Structures are given as structure tokens and as C-alpha cells.
Amino acid sequence: MGDTQRSQTISTELQQIAELAVRNPGKVFTSLMYRVDEDFLKEAYRQVNKTALPGLDGMTAQEYAVNLDENLHNLYEKMRNGQYVAPPVKRIWLDEEKGKRRPIGIPEIEDKIVQRAVAMLLEAVYEQDFYDFSHGYRKGHSPHQALRELREQCLRLNINWIVDADVSGFFNNLDHGKMREIIKQRVNDGGVIRYIGKWLNAGVVDGETLSYPEKGTLQGGVISPILANIYLHHVLDEWFVKEVQPRLKGRSFLLRFADDFIIGCELESDARRVMAVLSKRLGRFGLSLHPEKTRLVEFGKPPNHQKKGKGTFDFLGFTHYWAKSRRGDWVIKRKTARKRLRRAMKKAWHWCRQNRHEPPNEQYRKLCLKLIGHYRYYGVRSNYRAMEKLYWHVVAAWRYWLSRRSQKGRITMEKFEVIHLIYPLPRPRIIHTNI
């Protein structure tokens, strides 16, 4: 069977599961894992990110592919005979604002393949249950789609108050026992539950230290995104739609991207009621709201005589605020959130310092990629000024660190102007005009 035919066959199987989930919203799936055979594992390998860092064994996806069929056969035999053991996950740390660091987990390649296979089964079921306002880690959804929906909901529902919530360390505090209980309500397949248990309880290697966390799931694991969505679908989404919204007097909405979410309310009284019960609901599932980052924001459309909008809030890397358009109408605008812009500028400065001895044409190529990547995400209407600020900062950083090279390779201001004429860095441009 060719790869294309194999992919189509597996896609059909998953579609059959999805259709069954749609027809029977209350059905509990008890027999899914038997579908994972060597062909299924090969499709899972095809979907794994081949450029991701290797795990503890150091094996890359490319090295694994040299004897792919044999490797997948051996992997399947281990699974079939109950000999598969989830290996420890390598932990690395990413620097964030104010000296904070975020842990990322990197599984080994075979673990990634098996996680991807189980994730495919879970997605076939749960994608039919998830609400459209959940946008994180889902096919057909994107941050820009969430941003567009946020603006449209605020305008259409006459939203005046925003519950700007921040869950403290969601991925570090996910309750293992409650996670399994939630999944069993829809997928009570012994094989699926066992594999999820293996990954939740797998060891974590940080440097030379091996530990076994009793809660949480590391970001970076292939299975983590679907587990996060399943958990928050039950804890937050269903609860809000079925229990909270029917009790509110005014109109409201929930918008979620992974563990980052916004609740909008037409009435202040409703917003305060939501704030009062939200922390209690999360607390039942081992989660908590960050006391300093969670707040209630007045965000109604300002009266015509007012010169400035009242409140602002950050969501998906943007600060959202009311401002007047060129025609004098009040509109919701977005600009790069201050901490995101500061982080981007800091990274650019650090990169130029670390790579100042590379040939200028090579530096130019890489800086172009970095700027274009930034514009592709942040290039929304009303955000040109923030992108331009980053652009001029990158130009200044590049010029400064080229002038700080060794005496032999040092580039003066005059030489830099010539270089910048030959290699002009890309200027900001608005890419997303409909959000």
C-alpha cells in the first residue's frame, strides 16, 4: 500500500470515528486503541514535526527514518506485547520576561510517534465536542481567527466589561487523576488511558536530575495540546455555556486559546458574578487564577464626546483598546503588547551581539527572516507604529554591533549606510486587513 493510499485509509477511519461522535454526543468510546497498527504509526510519524529537537536518546526524525519500516515494526511489537515504556522527557528552559523561565519538554522520537497516534484518536472524538470559540492547537483555527472573533463579539454583543483572566501555571498544575476521570467520560478505552498515564507519570530529566512530577504535563509533548483542550473544555467551556451563561441577565461570550481566555459581558453585574465563581470553579480542578494578572476591565464603547477609551487588556500578544478612526468613529484597535515588543527588541539586540562576526550578507538574510516572521503575526491594522519601532531598533542594533567587531572587521557608520543600501531590511507592512 502506497503512502498516499495509506493516509487516505487512516483518514477515512478517523472520519468514521468523528461521525460516530457527532451522531452520539453521549457515547463513551471503549475500543479505539486497536486501530493503531504499523500503518497508523507510519501516518503518525508523517505528522510529527521533523525539525524538533531530539529527546534524551539524541535520535532525530531523519535518523529514525533511515530504517523507518523496521523501526516502526519493532515499535508496534513493543506496543502489542505490552513492553512499551514511556521514556523520561528532556526538559529545557526558555527565557521570559523579568528573569522568568518556562519549562519545555522534549520526548524521544518513538514517544512522539506514539503520542501523535493517540492524539489522532482523541482528536477524532473530541473535535466534535469542542466549541468553536476554542481556537488553540486545533486544525482550522488560528490566533488571528480568535482576534477577529474577539472584536466582532465585543461589537455585536455590546460588550462593556472584560474578565481578563490568567491561569497560574496551567501546564504545571494539571491534575493527573482528574485528567483521567474527565477523559473516561468520553473515551474509556483501557489502552488509551494506560498510555496517557504512562506519559503523565514519565520522568523528567533536567540537567542531570531525574524527577517524577505528581501533577502537570510539560509543554512540548505531542499529547499535551489535546490533553489541555480536553481538560479546559470540561472545566471551563462546558461549564460556561451550560451553567454560567443561562444565569446571566445580559449577553456574554467566552473566547479561549489554549489556557489563555477572555470573558466578555454586557452588564457589570454579570461580569462581577463571573469573577466571583470563576476561581471557585478552577479551584475544584486544581487550578487557580493569578491574583495580580486577573482583573475586571471596563471596555464599553466610549461616548462620542470622550477623547480616549477607558480600559485596555492584553490577549494573544496584543493590547486591545478603543480609539477613533480617521473618520472620527470609535473602533477597537490592537497594538503589540508592551512586554511582547520589549521581548522582541531584547532578542534582536542579543542576536546581533552574538552574531556580529558573521558575514553581513548572512546576518542580513537571518534578520530578514526574523522581521518577516514578526510582521506575519503582528501585521494587523492599527499596529504599524509598533512594528516600525521594532524595525528601527533592529537597524540600530545591527549597526551598533557591526561597529563593535574586531578592529580588522569593524564596520563604520559610513560603511553601514552603504551595506544597508545594498541589503535593506524589510519594512513593516499590514498583512491581516480583515481582523
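Source: prediction; values computed, not measured.

The rules behind these values
All chains use their own residue numbering, which begins from 1 and follows the written sequence. Owing to the predicted nature of the model, reporting of local features is limited to residues with pLDDT of at least 70; listing and counting of side-chain atom pairs is limited to 80 or more, with chain, interface and lining totals taken over all residues. Only heavy atoms go into the side-chain values, all of them from the structure, while hydrogens and water stay out. With a 1 Å grid laid over protein atoms only, a set of points is called a cavity when a 1.4 Å probe fits there but cannot get out and a pocket when it is open yet has protein on both sides within 12 Å along at least five of seven lines; lining residues have an atom within 4 Å of a point. Grid points are joined across faces, edges and corners, and a volume is the space filled by probe spheres set on the points. Numbered from the N terminus, helices here are DSSP runs of H or I no shorter than four residues, and strands are runs of E no shorter than two. Amino acids are sorted into nonpolar (Ala, Val, Leu, Ile, Met, Phe, Trp, Tyr, Cys and Pro), charged (Asp, Glu, Lys and Arg) and polar (every other residue, Gly among them). For each residue, the accessible area found with a 1.4 Å probe, counting protein chains only, is set against the maximum for its type, and the residue is called buried under 20%, exposed over 50%, and partly exposed in between. A contact between two residues is defined here by any heavy atoms of the two lying within 4.5 Å. We define a polar contact as two N or O atoms separated by no more than 3.5 Å, with the added condition that, inside protein, one atom must be a possible hydrogen donor and the other a possible acceptor, whereas residues neighbouring each other in sequence contribute only through side-chain atom pairs. Note that a disulfide, as used here, is simply two cysteine sulfur atoms within 2.5 Å. Only residues whose relative accessible area exceeds 30% and that take part in no salt bridge are eligible for patches, with like-charged residues grouped when within 9 Å of each other and nonpolar side chains (Val, Leu, Ile, Met, Phe, Trp, Tyr) grouped when within 5 Å. Calculation of accessible area relied on Shrake-Rupley with a 1.4 Å probe; when residues are assessed, cover is drawn exclusively from the protein chains displayed. A pair is scored as a salt bridge if a Lys or Arg side-chain nitrogen falls within 4 Å of a carboxyl oxygen belonging to Asp or Glu. Each pair of aromatic rings taken from Phe, Tyr and Trp, with Trp reduced to its six-membered ring, is defined by centres within 6.5 Å and is described as stacked if the planes are under 30 degrees apart, edge-to-face if over 60, and tilted in the remaining cases. In our convention, an over-ring charge means Lys NZ or Arg CZ found within 6 Å of a ring centre and within 35 degrees of that ring's normal.

S.K.: Describe the layout of surface pockets, naming the residues involved and giving the relevant values.
M.R.: Empty space among the atoms becomes visible once a probe the size of a water molecule is rolled across them. Considered as a void within the structure, the second largest pocket measures approximately 1,000 Å³ in volume. Residue lining of the second largest pocket: 28 residues in total, with Tyr321, Lys333, Arg334, Ser382 and Asn383 positioned closest to the centre. If you list the elements that add at least two residues to the lining of the second largest pocket, you get helix H6 (143-156), strand S10 (318-324), strand S11 (330-336), helix H12 (338-354) and helix H14 (384-402). Counting residues per element, the lining of the second largest pocket draws most heavily on S11, at six residues. Split by residue class, the lining of the second largest pocket holds eleven nonpolar, five polar and twelve charged.

S.K.: Got a sec to walk through helix H9 (residues 190-200)? Specific residues and values, please.
M.R.: Counting buried residues along H9, eight of its eleven residues qualify, which places the element largely inside the surrounding structure. Every buried residue of H9 is listed here: Gly191, Val192, Ile193, Tyr195, Ile196, Gly197, Trp199 and Leu200. Elements that come into contact with the buried residues of H9 comprise helix H4 (68-80), helix H5 (109-126), helix H8 (176-184) and helix H10 (224-244). One side-chain oxygen at the N-terminal end of H9 lies 2.7 Å from the backbone nitrogen of Gly191; it belongs to Asp189.

S.K.: With reference to specific residues and values, describe the state of the cysteines.
M.R.: Per the counting criterion, the structure on display carries zero disulfides. The cysteine Cys352 is free of any disulfide, with Cys368 supplying the nearest cysteine sulfur at 12 Å. Since its relative accessible area comes to 10%, Cys368 is described here as buried.

S.K.: Which residues make up empty space enclosed by the protein, and what values go with them?
M.R.: Here the structure, examined in full by the defined rule, presents one cavity of 30 Å³ or more. Considered as a void within the structure, the largest cavity measures approximately 30 Å³ in volume. Together, Asn49, Ala52, Leu53, Pro54, Met59, Thr60, Ala61, Ile109 and Lys112 line the largest cavity. Class assignment of the residues belonging to the lining of the largest cavity gives a composition of six nonpolar, two polar and one charged.

S.K.: Describe in detail a nonpolar patch on the surface, supporting the description with residues and values.
M.R.: The grouping of Val418, Leu421 and Ile422 at the surface amounts to a nonpolar patch, some 330 Å² of accessible area in total. Here Ile422 lies in helix H15 (residues 413-422). Note on Ile422: relative accessible area 57%, which makes it exposed.

S.K.: So what's going on with the packing of aromatic side chains? Which residues, and what values?
M.R.: Using the criterion set out here, one finds 20 aromatic pairs in the structure. Note on Trp398 and Phe416: the rings are 5.4 Å apart at their centroids and 85° apart in plane angle, and the pair reads as edge-to-face. Residue Trp398 is located in helix H14, and its partner Phe416 is located in helix H15; the two are separated by 18 residues in the primary sequence. Phe416 shares its class with Trp398; the two are buried. Ring-pair connections join several aromatic residues into one group, and the members of that group are Phe170, Phe171, Tyr231 and Phe285. Between the NZ or CZ atom of Lys335 and the centre of the ring of Tyr321, over which it lies, the distance is 5.3 Å.

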